[in-house]
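Take a look at the letters that make up each chain.
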Amino acid sequence: QDGVFASSPGAPPTASPLPLYPLFLAICLFISGGSLSFCVALSAILGGLITCPVYLAARLYGNWKIAFCAALLFALNPTAIALSPMLLSDTLFLFLIALQTLFFLKFARTHFALFFFASVFTAAVAVFIRPTNLLWILPAVFVLWCMPKFNIRLKVIYSILAFLIYAAVVMPWIFRNH
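Residues numbered from 1 in each chain as written. Predicted model: local features only at pLDDT ≥ 70, side-chain atom pairs only at ≥ 80, totals over all residues. Heavy atoms only, no water.

A. Representation of the overall build of the protein. Broken down by element type, the protein carries nine helices and zero strands. Mapped in sequence order, the helices and strands of the protein form the string α-α-α-α-α-α-α-α-α. Per-residue burial over the protein gives 37% buried out of 178 residues. Within the protein, counting contacts between residues at least 6 apart in sequence, those at least 24 apart form 62% of the total. For the protein, the accessible area works out to roughly 10,200 Å², and carbon and sulfur atoms hold 77% of it. (Helix = DSSP H or I, 4+ residues; strand = E, 2+ residues; numbered from the N terminus. Buried < 20%, exposed > 50% of the residue type's maximum accessible area, 1.4 Å probe, protein only. Contact = heavy atoms within 4.5 Å. Areas by Shrake-Rupley, 256 points an atom, 1.4 Å probe, with all protein chains shown as cover.)

Okay, structure coming up:
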């Protein structure tokens, strides 16, 4: 009512709950005319779609049989099955983490910088669901520096760009809360 998301009237803004999952639910409810069944069905579909990036990531390092087994193991994961039809942020977060991992592994395999930056961007977006992803940028840049394919100049440029992308996504929310 006072135009402030996720805080009590008159209280300063807080960092949680994070806005992406409530936004996802709001869009689902808007599209469906307020149908919770639609939101649950969409969540279950999204949970099933997580197997696609799992398959593609495994396919980067193995044949189709290995990739199929990886996707099947994930699809048959009892926890993932149980959480998919519930209105929990876990499903959306896991979908973004699967994409983030796929992009990062594609970068590690192909050395194409766009995959690295897509991974960084996806990781930053996932922070708005779960703050546990906030520090992911540090190991990502560390792995970049461990890759012998790139010279020092490229590593510095990629690192700076990665931090800028990450900051451009995450910093507005941090500034909003302080």
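Having seen the model, we can carry on.
B. The arrangement of a nonpolar patch on the surface in detail. Residues Trp145, Ile152, Val156, Ile157, Ile160, Leu161 and Leu164 make up a contiguous nonpolar surface patch of roughly 600 Å² in combined accessible area. The element best represented in the nonpolar patch is helix H9 (residues 152-176), accounting for six residues. Secondary-structure assignment places Ile160 in helix H9. (Patch = residues over 30% accessible without salt bridge, like charges linked within 9 Å, V, L, I, M, F, W, Y side chains within 5 Å. Salt bridge = Lys/Arg side-chain N within 4 Å of Asp/Glu carboxyl O.)

C. How the structure looks around helix H7 (residues 113-126). Relative to the 20 Å expected for 14 residues at 1.5 Å per residue, H7 spans 20 Å between its end C-alpha atoms, a close match to the ideal helical length. In terms of burial, H7 is a largely internal element, ten of the 14 residues being buried. Listing the buried residues of H7 in full gives Ala113, Phe116, Phe117, Ser119, Val120, Thr122, Ala123, Ala124, Val125 and Ala126. As for H7, its buried residues are in contact with helix H1 (20-32), helix H6 (89-110), helix H8 (137-146) and H9. (Expected span 1.5 Å × (residues − 1).)

D. Quick peek at the pattern of salt bridges. Overall, the coordinates contain one salt bridge when judged by the stated rule. Among the ionic pairs, Asp90 bridges to Arg130, the shortest N-O distance being 2.8 Å. You can see Asp90 sitting in helix H6 and its partner Arg130 sitting in the loop between H7 and H8, a full 40 residues away along the chain. Overall, the relative accessible area of 25% leaves Asp90 in the partly exposed class. The exposure class of Arg130 is partly exposed, given its relative accessible area of 27%.

E. Inspection of the packing of H8 against H9 at higher detail. Between H8 and H9, whose axes approach to 10 Å, the crossing angle comes to 165°. Taken together, H8 and H9 sit at an angle that is classed as roughly antiparallel. Handedness of the crossing formed by H8 with H9: right-handed. Seen from H8, the contacting residues are Ile137, Leu138, Val141, Leu144 and Trp145; seen from H9, they are Ile152, Lys155, Val156, Tyr158, Ser159, Ala162, Phe163 and Tyr166. Among the residues forming the contact of H8 with H9, the class breakdown is eleven nonpolar, one polar and one charged. (Axes fitted to C-alpha atoms, helices over the stretch in contact; angles between N-to-C directions. Parallel < 35°, antiparallel > 145°, perpendicular 65-115°, else oblique. Left-handed = near helix turned anticlockwise from the far one by under 90°. Nonpolar A, V, L, I, M, F, W, Y, C, P; charged D, E, K, R; others polar.)

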